[in-house]
Amino acid sequence: MQEQKPALMRQLYMPAVLCTALWGSAAPCIKKGYELFAITANATFSQLLFAGWRFALAGVLVLIVARLKGRRILPVRSEWRPILSISLFQSMIQYVCYYIGLSATTGTKGAVLSGTQTFFALLFAHLFLPNDKLDRRKALGCLCGFAGVLALGLDGLDGFHPMGDGLVLLSAASAGAGALVSRIFTPGRDPMLLTGWQLLLGGLLLGGIGIAGGGRLGAVTLPGVLLLGYMIVLSAAAFTVWTALLGRFPVGRVSLFGFLIPVFGAIFSALVLDENILTPRNLLSLALVSGGIAIANYMRAAKADAKQV
């Protein structure tokens with residue numbers, strides 16, 4: 001067992017780091033996409049249409065891959081409730097808030113605020129799951145994380161914008177609720193089927209709202225199409241791999257890697273958007289959020305390892 005453990009951990013580390021890197025790149029890619037597709041900050045319905053294309057095509061991609069692997073891709077009646085429940089929080093509410101909010105904030109702040117979804121997941125689990133209560137370490141992690149969010153507004157009330165930062169924070173809360181719903185419904189079900197359909201339905205809803213509101217992509221260029229293609233693959237791969245990891249490894253062990261999301265987000269924001277991340281406020285916020293996620297998950301990861309030995 002001891003000899004097998006390092007190999008099993010390697011099968012966790014690389015895919016988990018890959019997922020966090022993909023999710024970390026999402027915020028700057030979305031903002032770059034707005035630029036390439038000529039979507040302005042106040043074009044709400046165009047932003048939702050852009051999101052709809054991304055997630056609907058990502059869902060189709062997941063289902064195609066599942067079919068090629070010989071898996072069933074048509075849900076049975078008992079699977080529709082889990083699909084709709086997961087999609088409501090992880091694709092619909094989350095990304096309506098995220099895409100609109102991200103247009104009114106920076107890629108760095110969007111990445112840091114998105115990292116708080118781990119804390120919301122812990123709080124919701126404490127409230128609704130009898131066997132997953134907050135302990136001192138989790139509570140300390142939550143306090144550090146929310147202190148990181150407050151650090152974003154250290155320049156005064158004007159430093160935190162409700163229609164930008166506030167909506168991104170609300171999207172993180174929805175993602176935390178989605179994690180709770182996934183934890184309830186995913187065990188015993190095919191993660192690719194659930195992922196594919198929840199992304200497809202969420203994308204269709206987002207796109208439908210965008211079209212109904214008169215949204216459009218202002219410009220369609222090869223760089224924009226290539227970026228959208230990357231974001232489709234990003235969503236399909238990250239959601240599917242992460243769900244599969246949760247099905248194979250302890251939840252606490254997997255979620256420990258979540259602290260890398262704001263780190264990668266800040267790095268990609270500097271590379272893609274040429275944002276200055278080396279400010280005291282950004283670095284303090286990044287350290288508090290990332291450290292808080294690590295603290296909140298460390299004990300669960302250590303307990304999970306002890307059980308596996």
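Let me begin by describing the structure that accompanies this report. Note that the coordinates shown come from a computational prediction; the quantities given were computed from them, not determined experimentally.

Conventions used here
Residues numbered from 1 in each chain as written. Predicted model: local features only at pLDDT ≥ 70, side-chain atom pairs only at ≥ 80, totals over all residues. Heavy atoms only, no water. Helix = DSSP H or I, 4+ residues; strand = E, 2+ residues; numbered from the N terminus. Buried < 20%, exposed > 50% of the residue type's maximum accessible area, 1.4 Å probe, protein only. Contact = heavy atoms within 4.5 Å. Areas by Shrake-Rupley, 256 points an atom, 1.4 Å probe, with all protein chains shown as cover. Phe/Tyr/Trp six-rings, centres within 6.5 Å; stacked < 30°, edge-to-face > 60°. Lys NZ or Arg CZ within 6 Å of the ring centre and 35° of its normal. Axes fitted to C-alpha atoms, helices over the stretch in contact; angles between N-to-C directions. Parallel < 35°, antiparallel > 145°, perpendicular 65-115°, else oblique. Nonpolar A, V, L, I, M, F, W, Y, C, P; charged D, E, K, R; others polar. Left-handed = near helix turned anticlockwise from the far one by under 90°. Polar contact = N/O pair within 3.5 Å; in protein donor to acceptor, adjacent residues only side chain to side chain. Patch = residues over 30% accessible without salt bridge, like charges linked within 9 Å, V, L, I, M, F, W, Y side chains within 5 Å. Salt bridge = Lys/Arg side-chain N within 4 Å of Asp/Glu carboxyl O. Expected span 1.5 Å × (residues − 1). 1 Å grid on protein atoms, 1.4 Å probe; cavity = no way out; pocket = protein on both sides within 12 Å on 5 of 7 lines; lining within 4 Å. Points joined across faces, edges and corners; volume = space filled by probe spheres on them.

### Re the overall build of the chain
A count of helices and strands for the chain gives twelve helices and zero strands. The linear arrangement of helices and strands in the chain, starting from the amino end, is α-α-α-α-α-α-α-α-α-α-α-α. When each of the 309 residues of the chain is scored for burial, the buried share is 53%. Within the chain, contacts between residues at least 6 apart in sequence are counted, and of these 87% link residues at least 24 apart. As displayed, the chain offers around 14100 Å² of accessible surface, 70% of which is attributable to carbon and sulfur atoms.

### Observations concerning the packing of aromatic side chains
In total, this model carries 14 aromatic pairs according to the counting rule given. Seen in terms of ring centroids, Phe55 and Tyr95 are 4.3 Å apart; in terms of plane orientation they differ by 40 degrees. Their pairing is tilted. Remark: Tyr95 occurs in helix α3 (residues 77-102) and Phe55 occurs in helix α2 (residues 44-68); sequence separation between them is 40 residues. One exposure class covers both Phe55 and Tyr95, and it is buried. Taken together through their ring pairs, the aromatic side chains of Tyr34, Phe37, Phe50, Phe55, Tyr95, Tyr98 and Tyr99 make up a single cluster. Taking NZ or CZ as reference, Arg54 lies 5.8 Å from the ring centre of Tyr95, over its face.

### A short note on the side chain of Thr195
Within the element layout of this structure, Thr195 appears in helix α8 (residues 191-212). In this structure, Thr195 is in contact with Val62, Phe239, Thr240 and Thr243, ignoring residues within four places of it in sequence.

### Some points on the packing of helix α4 (residues 107-114) against helix α11 (residues 260-272)
A pair of packed helices is characterised by two quantities: the angle between their axes and the separation of those axes. Where α4 meets α11, the closest approach of the two axes is 8 Å, and the angle between their N-to-C directions is 170 degrees. As the angle between them shows, α4 and α11 are arranged roughly antiparallel. In contact with Gly107, Thr108, Ala111 and Val112 of α4, α11 contributes Pro262, Gly265, Ala266 and Ser269. For the contact of α4 with α11, a count of residues per class yields four nonpolar, four polar and no charged.

### Here we look at the environment of Leu169
Of note, Leu169 is situated in helix α7 (residues 162-185). Its relative accessible area of 18% is what places Leu169 among the buried residues. For the pair Leu169 and Val112, spaced 57 residues apart in the sequence, the C-alpha separation amounts to 9.5 Å.

### Things to note about the packing of helix α5 (residues 117-128) against α7
The contact between α5 and α7 brings their axes to 7 Å, and the two run at 50 degrees. When the axes of α5 and α7 are compared, the pair comes out oblique. Handedness of the α5/α7 crossing: right-handed. Touching Gln117, Phe120, Ala121, Phe124, Ala125 and Phe128 of α5 are Leu169, Ala172, Ala173, Ala175, Gly176, Ala177, Ala179, Leu180 and Arg183, all from α7. Among the residues making up the contact of α5 with α7, the classes are represented as twelve nonpolar, two polar and one charged.

### Some words on the side chain of Thr240
By the secondary structure assignment, Thr240 is in helix α9 (residues 222-248). Judged by relative accessible area, which is 13%, Thr240 ranks as buried. A polar atom in the side chain of Thr240 sits 2.7 Å from the backbone oxygen of Ala236. Not counting residues up to four positions away in its chain, the partners in contact with Thr240 are Val62, Met192 and Thr195.

### As for a nonpolar patch on the surface
On the surface, Phe45, Leu205 and Ile209 cluster together into a nonpolar patch covering about 230 Å² of accessible area. Tracing the backbone through its elements, the reader meets Phe45 in helix α2.

### Concerning the pattern of salt bridges
Counted under the stated rule, the structure contains four salt bridges. Asp190 is the partner of Arg71 in a salt bridge, and the nearest nitrogen-oxygen pair spans 3.0 Å. Placement of the pair is Arg71 in the loop between α2 and α3 and Asp190 in the loop between α7 and α8, with a sequence separation of 119 residues.

### Considering unusual backbone geometry
Glycine aside, negative phi is the norm for most residues, and most peptide bonds take the trans geometry. Of note in the backbone geometry, Ala38 takes a positive phi value of approximately 55 degrees without being a glycine. For Ala38, the position within the fold is in the loop between α1 (4-36) and α2. For Ala38, a relative accessible area of 45% translates into the label partly exposed.

### Overview of α11
Counted at 1.5 Å a residue, the expected span for α11 with its 13 residues is 18 Å, and the 18 Å between its end C-alpha atoms agrees. With its phi angle positive at about 60 degrees, Asp274 sits one or two positions after the end of α11.

### Looking at the layout of surface pockets
Taken as a whole, the largest pocket spans an internal volume of roughly 1000 Å³. Surrounding the largest pocket, 47 residues form its lining, Gln90, Gln117, Ala179, Trp242 and Leu246 being those nearest its centre. It is α7 that contributes the most residues to the lining of the largest pocket, seven residues altogether. Here the residues of the lining of the largest pocket sort into 24 nonpolar, 19 polar and four charged.

That is the geometry; function is a separate question.
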